[in-house]
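# Coordinate analysis (summary)
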Amino acid sequence: MSYLAYVAGFGVAVTAFLWLRDLRIFYRTGLSGYRKSAYLGVPFTALALLGFFVTAYAEAWEYLGLGLVLLALYLQGRVERENVWHGEGARERFFGSAERTKDKGSRKRL
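Right, let's walk through the structure included here.

Conventions adopted
- Residues numbered from 1 in each chain as written.
- Predicted model: local features only at pLDDT ≥ 70, side-chain atom pairs only at ≥ 80, totals over all residues.
- Heavy atoms only, no water.
- Axes fitted to C-alpha atoms, helices over the stretch in contact; angles between N-to-C directions.
- Helix = DSSP H or I, 4+ residues; strand = E, 2+ residues; numbered from the N terminus.
- Parallel < 35°, antiparallel > 145°, perpendicular 65-115°, else oblique.
- Left-handed = near helix turned anticlockwise from the far one by under 90°.
- Nonpolar A, V, L, I, M, F, W, Y, C, P; charged D, E, K, R; others polar.
- Contact = heavy atoms within 4.5 Å.
- Patch = residues over 30% accessible without salt bridge, like charges linked within 9 Å, V, L, I, M, F, W, Y side chains within 5 Å.
- Areas by Shrake-Rupley, 256 points an atom, 1.4 Å probe, with all protein chains shown as cover.
- Salt bridge = Lys/Arg side-chain N within 4 Å of Asp/Glu carboxyl O.
- Buried < 20%, exposed > 50% of the residue type's maximum accessible area, 1.4 Å probe, protein only.
- Core = buried A, V, L, I, M, F, W, Y, C linked by side-chain atoms within 4.5 Å.

## Some points on the packing of helix α1 (residues 4-29) against helix α2 (residues 32-57)
Interaxial distance between α1 and α2 falls to 9 Å at its minimum, and their mutual angle equals 170 degrees. By the angle between their axes, α1 is roughly antiparallel relative to α2. Like other packed secondary-structure pairs, α1 and α2 cross with a definite hand, here left-handed. In terms of residue class, the contact of α1 with α2 is made up of 17 nonpolar, 6 polar and 2 charged.

Now the structure itself:
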């Protein structure tokens, strides 16, 4: 197992973290952009996990597996999301601490 498997494993962890953060923000706000991002986070995390397994267990194709992980991270960042932070610090943004919306049903959802 090459050192690239550890890099791919870290990429999987980041992809899963970003998916769960978007899920938390959607749960707290009900915004449609974060809903779409939370839904798409599932296949992107699966793609990153596939890339990790290719990197870890197929030594001849480790760069292909690392490319799959990077592709999943790239695609996850391309989803359009609404701006939910207004002057919060890096800690709040990192953990996805958005203000709760009391009436989530009145927002237009796609």
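## Considerations on the packing of α1 against helix α3 (residues 62-77)
Running from N to C, α1 and α3 point in directions that differ by 20 degrees, and their axes come no closer than 10 Å. Considering their axes alone, α1 and α3 lie roughly parallel with respect to each other. The way α1 lies across α3 gives a crossing that is left-handed. Taken together, the residues of α3 that come into contact with α1 (itself represented by Leu4, Val7, Ala8, Gly11, Val12, Val14, Thr15, Leu18, Trp19 and Asp22) are Glu62, Tyr63, Leu66, Val69, Leu73 and Gln76. Taken together, the residues that form the contact of α1 with α3 break down as 11 nonpolar, 3 polar and 2 charged.

## Points about a nonpolar patch on the surface
A cluster of nonpolar side chains, namely Met1, Tyr3, Tyr6 and Val7, defines an oily patch on the protein surface of about 520 Å² accessible area. Among the structural elements, Met1 can be located in the segment before α1. The exposed category is assigned to Met1, whose relative accessible area is 60%.

## Re the nonpolar core
Most often, soluble globular proteins keep nonpolar side chains buried together rather than apart. Listed in full, the 7 residues of the largest apolar core are Ile25, Phe26, Leu31, Tyr34, Val84, Trp85 and Ala98. If near-sequence neighbours (up to four positions away) are discounted, Tyr34 is found in contact with Asp22, Ile25, Phe26, Arg81, Glu82, Val84 and Trp85.

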